[in-house]
Structures are given as structure tokens and as C-alpha cells.
Amino acid sequence: MTKSEESFKDELLKETENILVKKEEEIKSESLYTTETEILTFTLPKKHRPGTDLISKMVLKDKRTMEMILTTLIGEKVHNSYILGDGEWADRTKSDVLYVPATASKTLPPVLIEVQHTVNSGFMDRAISYCLSVKRVYKTPPILLIICVNQVSPQALKSTFVQHDAFPFMMEIKCDLWAKECLMLSSESIHYYINKPKLNPLVALTIFFTRQKQSLIGLREREDPNIQLLYTIAKEKLSYCYEDDEKTEVILDIVEQMEKQLQKILICSNDPTPSSNPKLHLYIKDGIDYLNSCKSKYSKGFDSDNTVAKSTISSNDTPCLDTITTAKEPRQIYEDQLPPLDFEDTPDMVFIKEYYLARPKGRIVWAKCFAEGQNQGFFEKHDNAISIKDMYYKHKNKK
């Protein structure tokens with residue numbers, strides 16, 4: 001082989017190598033974009049939004065969340081040192097989530113986590129009972145971490161919590177006789193720590209649970225890697241929930257997210273101060289990015305799913321916002337593609353029916369039903385017990 005032929009071969013190999021490297025980078029970039037798009041467009045069902053029972057336990061029991069919490073509370077030394085413990089006790093009570101050392105240890109305490117909508121005296125009595133059960137079984141008092149989703153009530157109880165010295169974004173209460181530490185995270189405790197360039201993992205965890213946003217689009221802190229991780233975990237855990245008969249709910253969730261975004265844009269556009277302009281541009285860009293992400297995600301679904309007909313409406317035929325005067329019109333567009341949402345299957349009605357079946361013989365105590373439902377994350381659109389009672393009988397009489 002001549003020198004010129006060898007030179008040509010070397011150049012060809014180098015050029016091929018460069019093409020392969022460039023292609024690999026494009027594939028990685030496309031994969032990363034796809035992942036980010038899926039997280040952004042993912043919407044949790046209302047009944048399983050952060051802070052509700054099922055998703056709270058699912059997320060907290062994930063190994064990645066365990067590491068996030070334990071390495072922050074105890075230190076990097078506990079990496080892979082804990083496993084999930086059994087939270088059912090001899091008195092038939094059941095705590096939320098328990099982390100215990102993988103091997104018997106005198107230095108590593110169990111960590112008990114309770115997610116509670118309203119922290120009150122009744123809850124604290126139960127939490128103390130859980131801690132005493134942990135102490136009896138594992139011979140070591142636990143660290144109790146409370147994530148308060150809504151509020152601490154009454155004020156007398158709230159005043160017993162004080163700011164933690166090492167973790168100023170947490171509160172603590174004296175617990176010498178029943179726990180090693182009793183810590184509490186809440187929207188109030190993290191208030192001064194949410195504008196940091198890098199959020200503490202436990203601050204991110206608190207934002208996830210207390211804001212109760214169904215989608216990342218509703219969070220100002222959505223770029224935080226820990227918040228993205230928590231929504232990724234939630235997406236993985238609840239992926240089985242998205243069956244064909246729930247496509248209508250997905251579309252309605254997208255519409256709701258954009259309605260909220262447009263309301264923010266409208267409010268900001270009416271603000272005459274110059275400082276509102278950057279915020280207005282940000283809101284508009286967020287909305288466009290969200291819709292583009294939805295378009296990218298769900299258009300692939302329509303292309304690959306033969307059971308759902310493609311829309312026959314071209315981009316030129318799509319109605320503008322000014323022509324859509326009622327909520328009924330955009331719904332009609334999708335009636336030939338997706339089944340309508342049966343009111344009887346909505347989370348609020350399912351809860352009422354389950355409450356009805358579980359009640360003692362006699363009439364439903366609507367005030368108790370309303371209070372219990374709100375504590376579990378239902379009845380967001382209702383102001384009182386009379387409202388849910390009217391809703392129930394209105395739709396029952398239609399049958």
C-alpha cells in the first residue's frame with residue numbers, strides 16, 4: 001500500500017470516527033430531551049397528587065428517596081445502610097414509612113416518616129405511639145420526621161415546635177421519652193429557604209408534598225434535580241394507572257394546566273409595572289413549551305395506537321380561543337376519539353360511594369364525610385358538606 005493510500009485510509013477512518021461520535025452525542029441529546037419532555041408533560045391524577053396517601057408511601061419507599069432523606073438527615077456514611085422496615089404494630093396500628101438499619105446497629109437509629117395533612121393533638125398521640133412501638137421492636141428510639149401537608153393546629157401545639165439548630169428549614173419538638181428526635185417539615189418551615197440557588201434535598205421534598213402540584217409545569221422550582229427526580233419516581237410508580245379509558249382524564253388535565261397558565265398570563269398582562277414584562281414572557285414561554293411537549297408526547301401515541309382514530313381536524317380548522325365560548329365545544333372535538341368521563345367514576349363520587357358502604361347502618365353524616373374526604377385530598381371544588389350532598393343526590397336521581 002502506498003503512502004497516499006495509507007493517508008487516505010487514515011483520513012477516512014478519522015472522518016468515520018467523528019461521524020460516529022457526533023451521532024452518539026445526538027442520540028444522547030435526543031434521549032435526554034425525551035426524558036425531560038416526558039417528566040414535564042406527566043400529570044398525576046388528582047386522587048394521587050403529592051401529599052395523598054398512596055403516592056406519598058410509594059415515593060417515600062423508593063430507594064432513591066430513602067437515600068435523599070437519610071444522607072441529608074444522618075450523613076453520607078449511611079449510603080446503602082438502610083432498608084424498609086415493617087410499619088405494622090402489635091396493637092394493629094400502622095405507620096406510614098419506616099427505614100431501619102440493614103444490620104443491627106447501636107449508632108444508626110430507625111427513621112419513621114409520617115405524611116399528615118393536618119398535624120393536631122390526635123395525630124401527635126398516634127405518632128408517639130408509633131415511636132414507642134419502634135423503640136420496643138428495634139431497642140432504639142427512632143427519628144420521627146413529620147411532613148405537614150397543610151397546617152399545625154391548634155396554635156398551642158404549633159408553638160411547641162421550635163426551629164432546628166442544624167437544619168433551620170425544619171422544626172423540632174422535645175421528645176426525650178419516646179424518640180431520638182421529632183422533626184417537622186412544612187411549607188412554613190421552608191419559606192425562607194426556597195429561593196436558594198441549590199435547594200436542600202429536604203426542602204425539595206417538602207415542596208413536592210406540600211404544593212401538591214399534579215405536574216411540574218405548576219412549580220416555579222421545576223428545574224431542581226431533586227424535584228424532577230421525585231416526579232420521575234411518581235411517574236414510574238403510577239405508570240400502570242394510565243389505561244385507554246383514562247385518556248379523557250389526561251386531556252382534561254392538560255386543559256386545566258393551560259387554563260391556570262393563561263390566567264397567570266392574563267393577570268400579569270394587566271399589571272402596568274415594567275417589572276411584569278419578564279414574568280409575562282416567562283409565563284408565555286412556559287405555556288408554549290408545555291404544549292409543544294404535550295404535542296410531541298401524545299402525537300407519538302396517536303401514530304402508534306390503531307385503536308384511537310387520528311384527528312381529522314387540520315391546523316387551519318382548529319378554533320381559536322376567541323371562538324371557544326363554552327367548555328362543551330372543545331369536548332365535542334374529542335368525542336369520536338375518547339369515551340366521555342362518567343361522573344360516577346370521578347374520584348369524589350368513588351370516595352362518597354366507598355364511605356357510604358363502610359358506614360354503620362343509618363344516614364350518611366355529610367359533615368364527617370366532607371371532613372374525611374378533604375383530609376384525603378378530595379372535594380377540592382366544594383366548599384362544604386351541603387355541596388357534596390347536593391352533588392350526590394343530583395346525580396343519583398339522574399340514574
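Here, every reference points to the structure presented above.
Residues numbered from 1 in each chain as written. Predicted model: local features only at pLDDT ≥ 70, side-chain atom pairs only at ≥ 80, totals over all residues. Heavy atoms only, no water.

Visitor: Describe helix α3 (residues 63–73), listing the residues and the values that go with them.
Guide: Buried residues dominate α3, accounting for nine of its 11 residues. Residues Thr65, Met66, Glu67, Met68, Ile69, Leu70, Thr71, Thr72 and Leu73 constitute the buried set of α3. Its side-chain oxygen 2.9 Å from the backbone nitrogen of Arg64, Asp62 forms the N-cap of α3. Gly75 occupies a position one or two residues after α3 and carries a positive phi of about 130°. (Buried < 20%, exposed > 50% of the residue type's maximum accessible area, 1.4 Å probe, protein only. Helix = DSSP H or I, 4+ residues; strand = E, 2+ residues; numbered from the N terminus. Polar contact = N/O pair within 3.5 Å; in protein donor to acceptor, adjacent residues only side chain to side chain.)

Visitor: How would you summarise the packing of helix α6 (residues 201–211) against helix α7 (residues 225–237) if you had to cite specific residues and measurements?
Guide: Any two packed helices are characterised by how steeply their axes cross, that is the angle between the axes, and by the distance between the axes. Between α6 and α7, the shortest axis-to-axis distance is 9 Å and the interhelical angle comes to 50°. Overall, the two elements α6 and α7 adopt an arrangement that is oblique. The handedness of the crossing between α6 and α7 is right-handed. Taken together, the residues of α7 that come into contact with α6 (itself represented by Pro201, Ala204, Leu205, Ile207 and Phe208) are Asn226, Ile227, Leu230, Tyr231 and Ala234. Across the contact of α6 with α7, the residue classes break down as nine nonpolar, one polar and no charged. (Axes fitted to C-alpha atoms, helices over the stretch in contact; angles between N-to-C directions. Parallel < 35°, antiparallel > 145°, perpendicular 65-115°, else oblique. Left-handed = near helix turned anticlockwise from the far one by under 90°. Contact = heavy atoms within 4.5 Å. Nonpolar A, V, L, I, M, F, W, Y, C, P; charged D, E, K, R; others polar.)

Visitor: Now, about the nonpolar core: what can you tell me, with residues and values included?
Guide: Counting residues in hydrophobic clusters, the biggest one holds 47 residues, and the most contacted among them are Ile69, Leu73, Tyr99, Ile113, Phe169 and Met170. Residue assignment for this core shows that the elements contributing at least two residues are α2 (53–60), α3, β2 (97–101), β3 (111–119), β4 (143–152), β7 (181–185), α6 and α7. Broken down by element, this core gets its largest block of residues, seven residues, from α6. Not counting residues within four places of it along the chain, the set of residues in contact with Ile69 comprises Leu60, Tyr99, Ile113, Leu145, Leu202 and Leu205. Residues Leu98, Phe123, Met124 and Cys175 belong to the second largest nonpolar core, which totals 23 residues. (Core = buried A, V, L, I, M, F, W, Y, C linked by side-chain atoms within 4.5 Å.)

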